[in-house]
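# Observations on the model geometry
Listed below are the residues making up each chain.
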Amino acid sequence: MDKKVLIVDDEKNIVDIIAFNLKKEGYQVLTAADGEEGVKKTFEENPDLILLDIMMPKMDGYEACRKIREKKHTPIIMLTARAEEVDKVLGLEMGADDYVTKPFGVRELMARVKANLRKVAALQEAGGTDNHVSKVGGLTLNADRYEVKKGDKVLDLTLREFELLKFLIQQKGQIFSREVLLEKVWGYEYFGDVRTVDVTIRRLREKIEDDPGKPVYILTKRGVGYYFDC
């Protein structure tokens, strides 16, 4: 395995535990002790996945995530000691793909790392198929370039937002519960917070809908789930 994981955290004992288990699974490991160093190493080393703590010196995880997202679609899993919902949601709104709350189980973290890398690999492989461009309702999705256009305007989507939109378009009209979307899009069969799906749907609507409050692309079937209809 040649996948490279960057751990950005100022707590050395946590970094050591995560690094040990990642190496045991065959991953290459990079580390950074603060947000500034994490951003720098992201651009210099091009990791395949980033584990990003929130509370750090020099630059916190939110700001580091925002700066990384200006140039990179690398999967980001936030590591947070904060249990409050607003803190988790803020990380997702900055562009993170998911979060894990400290203290976390190593098994859970490894499962999420594997799931994120597996989904990225599947997305890259699918990009080479004949169905790499989809056009529906004024949206054009290009799987080769991980790009979505609304008319002539390129939309700034994270990798997870892109993958969620692609999945819903491919299954147009079919309703999916949040639990199923976690499994199919995030790759989590057991671990994962369904709130992650709600936040990602909301962010996606803000980017693709003319009026996010009255969506025409991604609709909600109350008590059931979400579906694409246009």
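Structure: see above.
Everything numeric in this text was worked out from a predicted model, so none of it was measured.

### With respect to the pattern of salt bridges
Scanning all chains against the criterion turns up 21 salt bridges. As a salt-bridge pair, Asp198 and Arg178 come within 2.6 Å of each other at their nearest N and O atoms. With Asp198 in helix α8 (residues 195-208) and Arg178 in helix α7 (residues 178-186), this residue pair connects regions lying 20 residues apart in the sequence. We classify Asp198 as buried; its relative accessible area is 15%. Look at the salt bridges and you will find they share partners, linking Asp9, Glu11, Asp53 and Lys102 into a network.

### Comments concerning unusual backbone geometry
With omega at -5 degrees, the peptide bond leading from Lys102 into Pro103 counts as cis. Within the secondary structure layout, Pro103 lies in the loop between β5 (98-101) and α5 (106-126). In this structure, Asn46 is a non-glycine residue whose phi angle is positive, near 50 degrees. Within the secondary structure, Asn46 sits in the loop between α2 (35-45) and β3 (49-53). For Asn46, a relative accessible area of 42% corresponds to the partly exposed category. Despite not being glycine, Lys58 has its phi angle at roughly 70 degrees, a positive value. Tracing the backbone shows Lys58 in the loop between β3 and α3 (61-69).

### Side note on the environment of Phe43
As for its position among the elements, Phe43 is in helix α2. Judged by its relative accessible area of 30%, Phe43 falls in the partly exposed class. Sequence-wise, Phe43 and Leu90 are 47 residues apart; in three dimensions their C-alpha atoms are separated by 23 Å. Excluding its chain neighbours within four sequence positions, the residues that come into contact with Phe43 are Lys67, Ile68, Lys71 and Lys72.

### Regarding α8
For α8, which comprises 14 residues, the first-to-last C-alpha distance of 20 Å matches the rise-based estimate of 20 Å (1.5 Å per residue) to within 8%. Of all the 14 residues making up α8, ten are buried; the element is thus mostly covered by neighbouring parts of the structure. Those residues of α8 lying buried are Thr196, Val197, Asp198, Val199, Thr200, Ile201, Arg203, Leu204, Arg205 and Ile208.

### Some words on the sheet that holds strand β9 (residues 153-155)
Taken in spatial order, the four strands make up an open sheet running β6-β7-β8-β9, and their pairing is antiparallel. With partners counted over all chains shown, the strands left at the sheet margins are β6 (133-136) and β9, one partner each. Neighbour-to-neighbour, the strand axes of the sheet open up by a mean angle of 25 degrees, direction not taken into account. The strands that helix α6 (residues 159-170) touches are β6, β7 (139-142) and β8 (147-150); relative to β7, the one it contacts most, it runs at about 110 degrees.

### Notes on the packing of α6 against α7
Viewed as axis vectors pointing N to C, α6 and α7 meet at an angle of 110 degrees, and their least axial separation amounts to 10 Å. In this view, α6 runs roughly perpendicular relative to α7, as classed from their interaxial angle. For the crossing formed where α6 meets α7, the hand is right-handed. Contact residues: Arg160, Glu163, Leu164, Phe167 and Leu168 in α6; Leu181, Lys184, Val185 and Trp186 in α7.

### Considerations on the packing of aromatic side chains
Counting across every chain of the model gives two aromatic pairs. Taking the ring centre of Phe43 as reference, the NZ or CZ of Lys71 above it sits at 5.2 Å.

### Concerning the side chain of Thr80
Examined against the element boundaries, Thr80 turns out to sit in strand β4 (residues 76-80). The buried category is assigned to Thr80, whose relative accessible area is 2%. When near neighbours in sequence (up to four residues on either side) are disregarded, Thr80 contacts Ile54, Val100, Thr101 and Lys102.

### Looking at the sheet that holds β4
On the basis of which strands lie adjacent, the open sheet formed by five strands has the order β2-β1-β3-β4-β5 and parallel pairing. Taken across any chain shown, the strands that pair with only one partner, and hence form the sheet edges, are β2 (28-32) and β5. Between one strand axis and the next, the sheet turns by 20 degrees as a mean value, whatever way the strands run. Judged from the five bridges that link them, strand β1 (residues 4-8) and β2 form a sheet pairing that is parallel. From the neighbouring strand, Val8 faces β2, where its bridge partner is Ala32. Most of the contacts of α3 go to β4, to which it runs at about 175 degrees, and overall it touches β3 and β4.

Conventions adopted
Residues numbered from 1 in each chain as written. Predicted model: local features only at pLDDT ≥ 70, side-chain atom pairs only at ≥ 80, totals over all residues. Heavy atoms only, no water. Salt bridge = Lys/Arg side-chain N within 4 Å of Asp/Glu carboxyl O. Helix = DSSP H or I, 4+ residues; strand = E, 2+ residues; numbered from the N terminus. Buried < 20%, exposed > 50% of the residue type's maximum accessible area, 1.4 Å probe, protein only. Contact = heavy atoms within 4.5 Å. Expected span 1.5 Å × (residues − 1). Pairing = 2+ DSSP bridges. Axes fitted to C-alpha atoms, helices over the stretch in contact; angles between N-to-C directions. Parallel < 35°, antiparallel > 145°, perpendicular 65-115°, else oblique. Left-handed = near helix turned anticlockwise from the far one by under 90°. Phe/Tyr/Trp six-rings, centres within 6.5 Å; stacked < 30°, edge-to-face > 60°. Lys NZ or Arg CZ within 6 Å of the ring centre and 35° of its normal.

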